[in-house]
Amino acid sequence: LTMTALFNVVANKEGREEGYRFTRSIFQGYAKYTIPAMYDVDNLRKCEGDLFTNYKEYNIAMFKANQDYHVKEIKDEPDCLTIVVDKCLSVEIANALKCPEVGMLGCDHDLAGYPVIEDKVNSEFRRLHTIAKGDDVCDFMFFKKGTCPFDASKSK
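Residues numbered from 1 in each chain as written. Predicted model: local features only at pLDDT ≥ 70, side-chain atom pairs only at ≥ 80, totals over all residues. Heavy atoms only, no water.

A.B. asks: Would you mind going over the pattern of salt bridges in detail, with residue names and values included?
C.D. replies: Counting across every chain of the model gives nine salt bridges. The shortest N-O distance in the salt bridge between lysine 75 and glutamate 77 comes to 4.0 Å. For lysine 75, a relative accessible area of 41% puts it in the partly exposed group. Residue glutamate 77 is classed as partly exposed on the basis of its relative accessible area, which comes to 34%. For lysine 145, the salt bridge is made with aspartate 119, and the minimal N-O distance between the two is 2.8 Å. (Salt bridge = Lys/Arg side-chain N within 4 Å of Asp/Glu carboxyl O. Buried < 20%, exposed > 50% of the residue type's maximum accessible area, 1.4 Å probe, protein only.)

Spelled out as structure tokens, the structure:
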């Protein structure tokens, strides 16, 4: 709701595009702190076993526990974990408030935050589809470092 208020203040004065640009810069700015904190990367690195496997298991548990998303499918392969979400509460709330741009902020947060931890968790993050940006699903793909077939610029 805070981001919706900030978006609306700027959008009413400078236009919706500027409102989105402004709030996106906030989300992307603090993503470099929130993603590492959310994953407790330093402690995750201390766990026994393969780091990438532990990171995948953490993601599976986190997505299953988060009621803001509906997990449609989890595909766990040796070099890639794909989590497909077909419902995003952030997007639903933003759309209900007639601020679909605000629904895209979580996507922007991920694209700025996951690269910060990629080297530390031996992973590369990609997402080719997002609900907020017009797709039916969001696909969170966590590839073992060096195995990702997709260019980062294709991520939404």
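A.B. asks: I'd love a proper account of the pairing of strand S4 (residues 138-144), names of residues and values included.
C.D. replies: Within S4, six of the seven residues are buried, which leaves the element mostly enclosed by the surrounding structure. With six bridges joining them, strand S2 (residues 80-88) and S4 adopt antiparallel strand pairing. If you follow isoleucine 83 over to S4, its bridge partner there is phenylalanine 140. Direction of pairing for strand S3 (residues 123-126) relative to S4: antiparallel, over a ladder of four bridges. If you follow phenylalanine 125 over to S4, its bridge partner there is phenylalanine 142. (Helix = DSSP H or I, 4+ residues; strand = E, 2+ residues; numbered from the N terminus. Pairing = 2+ DSSP bridges.)

A.B. asks: Go over the side chain of threonine 23 with me, naming the residues and quoting the values.
C.D. replies: Considering the arrangement of structural elements, one finds threonine 23 in helix H2 (residues 16-39). Polar contacts involving the side chain of threonine 23 include one to the main-chain carbonyl oxygen of glycine 19, which spans 2.9 Å. A polar atom in the side chain of threonine 23 sits 3.3 Å from the backbone oxygen of tyrosine 20. Ignoring any residue separated from it by four or fewer positions in sequence, one finds threonine 23 in contact with Met3, Leu6, Phe7 and Leu105. (Polar contact = N/O pair within 3.5 Å; in protein donor to acceptor, adjacent residues only side chain to side chain. Contact = heavy atoms within 4.5 Å.)

A.B. asks: Describe in detail the nonpolar core, supporting the description with residues and values.
C.D. replies: By size, the foremost hydrophobic cluster in this structure holds 34 residues, and its most contacted members are Tyr39, Tyr55, Tyr114, Ile117, Phe140 and Phe142. Looking at this core, the elements that each hand over two or more residues are helix H1 (2-14), H2, helix H3 (41-44), helix H4 (51-65), S2, helix H5 (89-96), helix H7 (105-121) and S4. Beyond its immediate sequence surroundings of up to four residues, tyrosine 55 is in contact with Tyr39, Leu44, Tyr114, Ile117, Val121, Ser123 and Phe142. (Core = buried A, V, L, I, M, F, W, Y, C linked by side-chain atoms within 4.5 Å.)

A.B. asks: Before we move on, can you summarise the packing of aromatic side chains with the specific residues and values?
C.D. replies: The tally for this structure, following the rule as stated, stands at 13 aromatic pairs. Ring centres 5.3 Å apart and planes at 45 degrees place the aromatic pair tyrosine 39 and tyrosine 55 in the tilted group. Of this pair, tyrosine 39 sits in helix H2 while tyrosine 55 sits in helix H4, and the two are 16 residues apart along the sequence. Ring geometry for tyrosine 55 against phenylalanine 142: centres 5.6 Å apart, planes inclined by 90 degrees, an arrangement best described as edge-to-face. One end of the pair, tyrosine 55, is in helix H4; the other, phenylalanine 142, is in strand S4, with 87 residues separating them in the sequence. For phenylalanine 142, a relative accessible area of 0% gives the class buried. Arginine 127 extends its terminal NZ or CZ atom over the ring of phenylalanine 140, reaching a point 4.9 Å from the ring centre. (Phe/Tyr/Trp six-rings, centres within 6.5 Å; stacked < 30°, edge-to-face > 60°. Lys NZ or Arg CZ within 6 Å of the ring centre and 35° of its normal.)

A.B. asks: Quick rundown of a nonpolar patch on the surface? Include the residues and the values.
C.D. replies: Residues Leu1, Leu89, Ile93 and Leu97 make up a contiguous nonpolar surface patch of roughly 380 Å² in combined accessible area. Using a relative accessible area of 38% as the deciding quantity, one classes leucine 97 as partly exposed. (Patch = residues over 30% accessible without salt bridge, like charges linked within 9 Å, V, L, I, M, F, W, Y side chains within 5 Å. Areas by Shrake-Rupley, 256 points an atom, 1.4 Å probe, with all protein chains shown as cover.)

A.B. asks: Got a sec to walk through unusual backbone geometry? Specific residues and values, please.
C.D. replies: Positive phi values are uncommon outside glycine, yet aspartate 40 reaches one of about 45 degrees. Relative to the assigned elements, aspartate 40 resides in the loop between H2 and H3. Despite not being glycine, asparagine 122 shows a phi value in the positive range, around 55 degrees. Note that asparagine 122 resides in the loop between H7 and S3. Accessibility expressed as a relative area gives 27% for asparagine 122, which makes it partly exposed.

Limitation: the analysis is restricted to geometry and does not speak to function.
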